[in-house]
Amino acid sequence: MENISNPNLTWTTSTNKTDRGGQNCEEWEDAQHVLFQIANLCFAVAFLVPPKFRLSILLMRGVLTIGFLFVTLWAGVNVCAPDIFAWNVTFMLTNFFHTIFLAYINIPPRVHPELLELYNKVFTPLKVDKKNFKDLVSCAEILSLKPGEHYGTEGMTVADEQLSILLSGKMKATCEDVLLHYLQPNEFIDSPEWEACTLDSDRLFQVTLSAIEPCRYIRWPRRELELFLNNNPFMRVILHNLIGKDITHKLYSLNEYHRPQGKRVRSPSASDWWRHQIPRSFSVDAVHTGTKGHMRSLLWASRDRRTSTAPSDSIGSTSSNVTIVLPLCTPMHKTSVA
């Protein structure tokens, strides 16, 4: 009865219950350690990462890992609570391994230094990421040729076994010792053979491909490359278009190199101008566009206009002749009005 009637003792007992049980927050404790504050700040940042970019999940998991690390330090150094420490170690390790996994998947791989120019000039404009490019070159090998060595010999080398791209140096294509064209870096070496042959066709090279300078090239075995392209439709389309463009370029080069010298295209006043030898800019690029004239390449635009002019456009209601000048295989960027 004395304990009950003593107000001081009753207040002390009630205060102890509040402190130990934590049921009534009559008195708030001071702010926790700075490690606890930093951890919660990391949690806030992690949950506020906008999910509008590709690496948002990776960033969120990484910041969560840092946050749980600080909570773990706070629990072990300041609070000394083994249960809080154990739970946060578990959360930290879970997020850490998840972060490593996401980084392995999403961070672009490193491109081989010898292949960097090829990737930047040929594949980057076609929106090929580094991961797809790395997968493409994973089944290839980089080889060398010394001046005078042959990549393929007409009538002797099997043409259906490989596909190669020249990385550095210069090569030439000849047929019966007649020069057809040269091969420059970032061009396919044997794209016509790849397109014309199938696996195990036993066809032979119809041209001789030899190195003029020390050359480095990347080579894909046909069987491995076709297996990769069958499993990657995006890269199959990319490579198909690159090979088609390369074959077209080789045909253009062949036509220009063997164009008879000293012959000029006749005046557009002649009705039979098309019967004479015409350069490449007068052939495939001479696309008729009706009343807007003929679409030409920059090669046509750079010729001597005093000796060679385009045929006049007499189709349509307008009497003006408009010539649209286009760079070869690139979007229109220059227009000239005659």
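Please refer to the structure placed before this passage.
Note that the coordinates shown come from a computational prediction; the quantities given were computed from them, not determined experimentally. (Residues numbered from 1 in each chain as written. Predicted model: local features only at pLDDT ≥ 70, side-chain atom pairs only at ≥ 80, totals over all residues. Heavy atoms only, no water.)

A. The arrangement of the pattern of salt bridges in detail. For the structure shown, the criterion picks out 6 salt bridges. Linking Glu114 and Arg216 is a salt bridge whose minimum nitrogen-to-oxygen distance equals 2.8 Å. Separated by 102 residues along the polypeptide, Glu114 in the loop between α5 (82-106) and α6 (116-123) and Arg216 in strand β7 (residues 215-221) bring together distant segments of the chain. The partner of Glu117 in a salt bridge is Lys121, with the nearest N and O atoms 2.9 Å apart. In this pair, Glu117 and Lys121 are both assigned in helix α6, 4 residues apart and thus about one turn of the helix distant. (Salt bridge = Lys/Arg side-chain N within 4 Å of Asp/Glu carboxyl O. Helix = DSSP H or I, 4+ residues; strand = E, 2+ residues; numbered from the N terminus.)

B. Up close: helix α9 (residues 222-231). Inspection of α9 places Arg222, Leu225, Phe228 and Leu229 among the buried residues, and these make up the whole buried set. Down the axis of α9, the smallest arc covering the buried residues is 130°, so these residues share one side. Turned more than 90 degrees away from the buried face of α9 sit Leu227, Asn230 and Asn231, all of them exposed. (Buried < 20%, exposed > 50% of the residue type's maximum accessible area, 1.4 Å probe, protein only. Arc of directions from axis to C-beta.)

C. Local environment of α6. Considered for burial, the residues of α6 that qualify are Leu118, Tyr119, Val122 and Phe123. When α6 is viewed along its axis, its buried side chains cluster within an angular range of 100° and face the same direction.

D. How the structure looks around the packing of aromatic side chains. Tallied over the entire structure, the rule returns 9 aromatic pairs. When the ring of Phe96 is compared with that of Phe97, the centres are 5.5 Å apart and the planes differ by 65°; the resulting orientation is edge-to-face. We classify Phe96 as partly exposed; its relative accessible area is 40%. Look at Phe97 and you get exposed, because its relative accessible area is 56%. One aromatic cluster in this structure is built from Phe43, Phe68, Trp87 and Phe91. Above the plane of the ring of Trp194 lies Arg222, whose end atom (NZ or CZ) is 4.1 Å from the centre. (Phe/Tyr/Trp six-rings, centres within 6.5 Å; stacked < 30°, edge-to-face > 60°. Lys NZ or Arg CZ within 6 Å of the ring centre and 35° of its normal.)

E. How the structure looks around the side chain of Ser191. As for its placement among the helices and strands, Ser191 is situated in helix α8 (residues 191-196). For Ser191, the side chain forms a polar contact with the side chain of Asp246, separated by 2.6 Å. (Polar contact = N/O pair within 3.5 Å; in protein donor to acceptor, adjacent residues only side chain to side chain.)

F. View of the pairing of strand β4 (residues 171-175). The pairing of β4 with strand β5 (residues 178-183) spans 5 bridges and is antiparallel. Each bridged residue has a counterpart across the sheet, and for Thr174 the counterpart in β5 is Leu179. Taken together, β4 and the strand that follows it, β5, pair antiparallel across an intervening segment of 2 residues, in which Glu176 is found at a positive phi of about 55°. With 4 bridges connecting them, β4 and strand β6 (residues 208-211) associate as antiparallel partners. Along β6, the bridge assignment pairs Met171 with Ala211. (Pairing = 2+ DSSP bridges.)

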